[in-house]
Amino acid sequence: RPVHMSRGRFIALEGGEGAGKSTQAHLLAETLRARGHQVVTTREPGGTPGAEAIRALLLSVEGEGFHPRAEALLFAAARSDHVERLIAPALAEGTWVICDRFIDSSRAYQGGGGGLDDAEVMGLHAIGSLGLLPDLTMLIEVSAPEATRRLALRDGDQADRIGGRGEAHHARVACAFAPLAEAEPGRFARIDGNAGPDEVHASILAALPDAWP
């Protein structure tokens, strides 16, 4: 008789620039591995060779870059490859996937920040990734002054084309995440990201459902 293998859990970390998502993804993966889980950490855009190539393309175009619809199509294409080649197979094997950004970043950046309709962004996601959503989305919320301080420490004058957009853009994006979380409280956990990394990590662990092993 074949051994029944339970599906892995899919956790996305979301938030604006400077929220500490990469640090928290690393800390969460370490804790879950210590609990006996197989864990893969990944990021968007990226995670597979094809998606990383699209990421490099998005970050390399000079001047104004792609217009919002073209950018949304490229993000959707990168995500499609990421889901097909990495995320879905890992989950099927029982591996937990922790992703630094997923569809809600597109909804906030291309939707809230770029002017596309949310239904259009989700329509592209339905085509490219069959509408896959995380089991749990951790929204790490950081005040605008704290995010600005962290970005200055992290990037200095070397911010990339997306991270280096103006403060007004980042404020719009941060405001775009909140209604997404309010609309789907069952999928989102809202995390106060203004504290130190260990404190934020503790809040993330506390947000994991009790029913999960």
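Cut-offs and rules
- Residues numbered from 1 in each chain as written.
- Predicted model: local features only at pLDDT ≥ 70, side-chain atom pairs only at ≥ 80, totals over all residues.
- Heavy atoms only, no water.
- Helix = DSSP H or I, 4+ residues; strand = E, 2+ residues; numbered from the N terminus.
- Contact = heavy atoms within 4.5 Å.
- Areas by Shrake-Rupley, 256 points an atom, 1.4 Å probe, with all protein chains shown as cover.
- Core = buried A, V, L, I, M, F, W, Y, C linked by side-chain atoms within 4.5 Å.
- Buried < 20%, exposed > 50% of the residue type's maximum accessible area, 1.4 Å probe, protein only.
- 1 Å grid on protein atoms, 1.4 Å probe; cavity = no way out; pocket = protein on both sides within 12 Å on 5 of 7 lines; lining within 4 Å.
- Points joined across faces, edges and corners; volume = space filled by probe spheres on them.
- Nonpolar A, V, L, I, M, F, W, Y, C, P; charged D, E, K, R; others polar.
- Pairing = 2+ DSSP bridges.
- Axes fitted to C-alpha atoms, helices over the stretch in contact; angles between N-to-C directions.
- Left-handed = near helix turned anticlockwise from the far one by under 90°.
- Phe/Tyr/Trp six-rings, centres within 6.5 Å; stacked < 30°, edge-to-face > 60°.
- Lys NZ or Arg CZ within 6 Å of the ring centre and 35° of its normal.
- Polar contact = N/O pair within 3.5 Å; in protein donor to acceptor, adjacent residues only side chain to side chain.

So, the overall build of the protein
The number of helices and strands found in the protein is eight helices and five strands. Along the protein, from the amino end to the carboxyl end, the secondary structure elements read β-α-β-α-α-β-α-α-β-α-α-β-α. Excluding contacts between residues fewer than 6 apart, the proportion of contacts in the protein whose partners are at least 24 apart in sequence is 78%. In the structure as shown, the protein presents an accessible area of about 10600 Å², 55% of it carried by carbon and sulfur atoms.

Focus on the nonpolar core
Residues Ile 11, Leu 32, Ile 98, Met 138 and Leu 208 are the most contacted members of the largest nonpolar core, which totals 21 residues. Those elements that provide at least two residues to this core are strand S1 (10-14), helix H1 (21-34), strand S3 (96-100), strand S4 (136-141), strand S5 (188-192) and helix H8 (197-207). For this core, the element with the most residues is H1, which contributes four residues. With residues near it in sequence (within four places) discarded, Leu 32 still touches Ile 11, His 37, Val 39, Trp 96, Ile 98 and Leu 208. Residues Ala 72, Ala 90, Phe 102 and Leu 116 belong to the second largest nonpolar core, which totals 15 residues.

Re empty space enclosed by the protein
Under the criterion given, the structure shown has one cavity of 30 Å³ or more. Approximately 60 Å³ is the volume attributed to the largest cavity. If you trace the largest cavity, you find it lined by Ala 72, Ala 76, Arg 79, Ile 103, Ser 106, Gln 110, Val 121, Leu 124 and His 125. For the lining of the largest cavity, the secondary structure elements donating two or more residues are helix H3 (68-92), helix H4 (103-113) and helix H5 (118-129). Across the lining of the largest cavity, the residue classes tally to five nonpolar, three polar and one charged.

Comments concerning the sheet that holds S3
The strand order S2-S3-S1-S4-S5 describes an open sheet built from five strands, whose pairing is parallel. Looking at the sheet topology across the chains shown, the edges are occupied by strand S2 (39-43) and S5. The sheet shows a mean angle of 20 degrees between the axes of neighbouring strands, direction not considered.

Remarks on the packing of H3 against H5
Across the interface, H3 lies against H5 with an axial gap of 9 Å and an inter-helix angle of 35 degrees. The element H3 and its partner H5 pack so that their crossing is right-handed. Every residue of H5 that contacts H3 at Arg 69, Ala 72, Leu 73, Ala 76, Arg 79, Ser 80 and Val 83 is listed here: Glu 120, Leu 124, His 125, Gly 128 and Ser 129. By residue class, the composition of the contact of H3 with H5 is five nonpolar, four polar and three charged.

Some thoughts on the packing of aromatic side chains
Taken as a whole and assessed by the stated rule, the structure comprises two aromatic pairs. Summarising the aromatic geometry, the rings of Phe 10 and Phe 102 are spaced 4.9 Å apart at their centres and angled 80 degrees between planes, so their arrangement reads as edge-to-face. Of this pair, Phe 10 sits in strand S1 while Phe 102 is found in the loop between S3 and H4, placing the two residues 92 residues apart along the sequence. When its relative accessible area of 0% is taken as the criterion, Phe 10 is described as buried. The interplanar angle of 90 degrees and the centroid separation of 5.6 Å between the aromatic rings of Trp 96 and Trp 212 together place this pair among those described as edge-to-face. Taken together, the residues span a long stretch of sequence, with Trp 96 in strand S3 and Trp 212 in the segment after H8 at a distance of 116 residues. On the accessibility criterion, Trp 212 (14% relative accessible area) is buried. If you follow Arg 79 out to its NZ or CZ, it ends over the ring of Phe 102, 5.4 Å from the centre.

Topic: unusual backbone geometry
Cis geometry marks the peptide bond from Glu 44 to Pro 45, where omega comes out at -10 degrees. Tracing the backbone shows Pro 45 in the loop between S2 and helix H2 (49-60). A positive phi angle, close to 55 degrees, is found at Leu 130, a residue other than glycine. Here Leu 130 lies in the loop between H5 and S4. Among the residues examined, Leu 130 registers a relative accessible area of 78% and is labelled exposed.

Structural notes on the side chain of Arg 187
Tracing the sequence through the fold places Arg 187 in the loop between helix H7 (167-183) and S5. Of the polar contacts made by the side chain of Arg 187, one reaches the side chain of Glu 184; its length is 2.9 Å.

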